[in-house]
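Inside the fold
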Amino acid sequence: MENELINAQESDELKPSTDTLLVLNIHTNQVEMVKGIDKDGDLQKVPPQEKKDNEPLIRVDKHGDLFSNFFSNFYRQLKNPTHFNFFKVSEYDAVNTAKDLQKYVDQASPEEKEKLKDYEILPKHNNNPKNQNTMDNNTDNQEYRFQPEQIDWKTMEKFGLNQEKLEKMNAMDALLRGFKTNTLIPITINLGTAVSKMDVRLSLQTGDTGQVAVHLHGIRKEPNLNNTFLGHQFTDEDKKNLKETGNMGRVVDLVNPKTDEIIPSVISRDRLTNELVAYRAEYMKIPDEIKGIRLDEHQKQTLLEGGPLYLEGMTSKKGELFNATVQFNADKRYVEFLFNNIQNQQQSQYHHNQQQTQHTAQEVPKVFRGKELDDSQYEKFKAGQTVYVDGLTDAKGKAYQGYITFNKETSKTDFSFNHPNKLKEEAKPTEDHKTQTAVNTHGKTNEATKNVKEPLESKQQQPASQQQEDQQKKVRKPRGQKL
């Protein structure tokens, strides 16, 4: 059974918005509320005047194909479905709506009763010609929560928008389905004495009196994570997750400010506006399969708890294999792919050994002491092989060369002037090069060259020229000493 969400913004109240079904028995003219279908295919229903506060009604998703698929299945399972007319209404107002509908039916003429068919819902694959034509035009109530004529176009005009513009921006479909627009929409607010231009996401929401209102979701510099959000105080880990991935990563109890109802929910950040969005955990839909990978119960539970899940071997639309982290997003209302740096962290939770190898490979440097390895050298170096490199320069600017090996155990690069016999041995300079390294790089003193001013060449341990020999023989006169 499909359920409706609660989509709470920072500026909106967390209020129940679930839909349910009313049924009109065309033979008895009785209006009742639907509880479900029993094993024999008989409709379970309750009269509005007998509805108890804690008595559950059937809950349905009010959006798009989810409701269409649900109601089609519901209709097929029902014994004698043609005996009933069904109407989708807000669960919050179901009792009063049922009573009002009953009054209307009791007093309506045959012509007036015929008008009820305009509000009746039909299964998606019903052969009713009127319904089929509406579906072909992609405007029937099974596909959309709202109709274009319900939108307050006068208000839209104040923002510099109309139906034609929204259609050209491919924004109408998301609006009519009850979602926020997929992209930012540029609007202009003309207050007469001042004109303001901004980019926002738009959504349509039903008010308490049933009117459809246009909501503007403006861009925030950053989400407000220091204050409580519907009763929840964000931890440092919550803040980190929301900033880095957009999803908080766990289910928490939120409080409906109107009813004080405790609502377990997941929280995400709208990545376009930095607005916080909450979604009831009980309405989260986790697919059985993602890009060819069948999820087991443990993996599903991870996603239901709001956590990230690393999956390997998925198949893209192009038929290519790929790996990615997936997570439920409260703003998008479905499981999304996360292609970012946290992927490595999540991978380690489920595939530690393989992840360690991949993670290490990514950390292998391609530049050693200012010398960039070519592709052939880097592939060998990354694989743990010893690579010869020349053109290296010491601290005094003198060139030298040697062999490097990447030590996977320490994640450091070992250097040797000669090819090491054992790759795991600590690489040490040979005697021929020790003097150059000690003098030029480490500032040591070699007795045979301590007065030589120029940097030593490779393998140099003695003065290399007459000038250096003269420098070495030259002894400074101590202060105060007379000749």
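The shown structure was predicted, so the numbers you read here are calculated from the model rather than taken from an experiment.

1. Here we look at helix α12 (residues 375-382)
Among the residues of α12, those classed as buried are Gln377, Tyr378 and Phe381. Projection of α12 onto a plane perpendicular to its axis shows the buried side chains occupying an angular sector of 95 degrees, all on one side. One side-chain oxygen of the residue at the start of α12 lies 3.2 Å from the amide nitrogen of Ser376, identifying that residue as Asp374. Phi turns positive one or two residues past the end of α12, at Gly384, with a value near 95 degrees.

2. Details of the side chain of Asn256
One can find Asn256 in the loop between β8 (252-255) and β9 (262-269). For Asn256, a relative accessible area of 0% gives the class buried. Of note is the side chain of Asn256, whose polar atom sits 3.3 Å from the side chain of Thr259.

3. Some remarks on the pattern of salt bridges
Following the criterion strictly, the structure yields 18 salt bridges and no others. For Lys180, the salt bridge identified is with Asp270, shortest N-O distance 2.7 Å. With Lys180 in the loop between α7 (172-176) and β5 (185-190) and Asp270 in the loop between β9 and β10 (276-280), this residue pair connects regions lying 90 residues apart in the sequence. Pair check on accessibility: Lys180 and Asp270 agree, each one buried. Salt-bridge contacts for Lys366 lead to Asp375; the nearest nitrogen and oxygen are separated by 3.0 Å.

4. Focus: the nonpolar core
Membership of the largest hydrophobic core comes to 20 residues, with the highest contact counts inside it found for Ile151, Met156, Leu161, Leu166, Ile187, Leu202 and Leu204. Contributing elements (two or more residues each) for this core: α5 (153-158), α7, β5, β6 (195-206) and β7 (212-218). Apart from the residues within four sequence positions on either side, Met156 is in contact with Ile151, Leu161, Leu166, Leu202 and Val214.

5. Observations regarding the pairing of strand β19 (residues 399-407)
Bridging between strand β18 (residues 387-393) and β19 involves five bridges; their strand directions are antiparallel. Considered in β19, the bridge of Tyr388 is made with Tyr403. Two strands pair when backbone bridges link them, and β19 and strand β20 (residues 412-416) are joined in this way by five bridges, in the antiparallel orientation. Residue Ile404 lies in a different strand from β20, and its bridge partner there is Phe415.

6. Focus on the environment of Arg250
For Arg250, the position within the fold is in the loop between α8 (236-244) and β8. Residue Arg250 is classed as partly exposed on the basis of its relative accessible area, which comes to 32%. Taking the C-alpha atoms as reference, Arg250 lies 9.9 Å from Pro264; in sequence the two are 14 residues apart. Among residues more than four places away in sequence, those in contact with Arg250 are His232, Thr235, Asp238, Ser265, Val266, Glu305 and Gly306. Polar contacts involving the side chain of Arg250 include one to the side chain of Asp238, which spans 2.8 Å.

7. Focus: the sheet that holds β18
Taken in spatial order, the three strands line up as β18-β19-β20 in an open sheet, and their pairing is antiparallel. Edge strands, defined here as strands with exactly one partner in the open sheet, are β18 and β20. Pairs of neighbouring strands in the sheet enclose a mean axial angle of 45 degrees, with direction left out of account. α12 contacts β18, β19 and β20 of the sheet and is inclined by roughly 120 degrees relative to β18.

8. Some thoughts on the sheet that holds strand β15 (residues 334-338)
Sheet architecture is open: three strands sit in the order β13-β14-β15, paired in antiparallel fashion. Because the sheet does not close on itself, it has two edges, and the strands there are β13 (309-315) and β15. Pairs of neighbouring strands in the sheet enclose a mean axial angle of 45 degrees, with direction left out of account. Contacts from helix α9 (residues 297-304) reach β13, β14 (321-329) and β15 within the one sheet, and its direction differs from that of β13 by about 120 degrees.

9. Focus: unusual backbone geometry
With a phi angle near 65 degrees, Asn274 is a residue other than glycine that sits in the positive phi range. In this structure, Asn274 sits in the loop between β9 and β10. A positive phi is found at Lys291, a non-glycine position, where the angle reads about 50 degrees. You can see Lys291 is positioned in the loop between β11 (289-290) and β12 (293-294). Residue Lys291 is classed as partly exposed on the basis of its relative accessible area, which comes to 32%.

10. Side note on the packing of aromatic side chains
Scanning the model with the defined rule gives eight aromatic pairs in all. Ring geometry for Phe368 against Phe415: centres 5.9 Å apart, planes inclined by 20 degrees, an arrangement best described as stacked. You can see Phe368 sitting in strand β16 (residues 367-368) and its partner Phe415 sitting in strand β20, a full 47 residues away along the chain. Relative accessible area serves as the criterion here: at 10%, Phe368 is assigned to the buried category. Here Phe415 falls in the buried class, since its relative accessible area comes to 10%. A connected cluster of aromatic rings, assembled from ring pairs, spans Phe368, Tyr400 and Phe415.

11. A word on the side chain of Asp270
We classify Asp270 as buried; its relative accessible area is 0%. Reaching out from Asp270, the side chain makes a polar contact with the side chain of Lys180 at a distance of 2.7 Å. Of note is the side chain of Asp270, whose polar atom sits 2.8 Å from the backbone nitrogen of Leu272. Other than its neighbours up to four places away in sequence, Asp270 contacts Lys180, Arg201, Glu275 and Asp331.

What counts and what doesn't
Residues numbered from 1 in each chain as written. Predicted model: local features only at pLDDT ≥ 70, side-chain atom pairs only at ≥ 80, totals over all residues. Heavy atoms only, no water. Buried < 20%, exposed > 50% of the residue type's maximum accessible area, 1.4 Å probe, protein only. Helix = DSSP H or I, 4+ residues; strand = E, 2+ residues; numbered from the N terminus. Arc of directions from axis to C-beta. Polar contact = N/O pair within 3.5 Å; in protein donor to acceptor, adjacent residues only side chain to side chain. Salt bridge = Lys/Arg side-chain N within 4 Å of Asp/Glu carboxyl O. Core = buried A, V, L, I, M, F, W, Y, C linked by side-chain atoms within 4.5 Å. Contact = heavy atoms within 4.5 Å. Pairing = 2+ DSSP bridges. Axes fitted to C-alpha atoms, helices over the stretch in contact; angles between N-to-C directions. Phe/Tyr/Trp six-rings, centres within 6.5 Å; stacked < 30°, edge-to-face > 60°.

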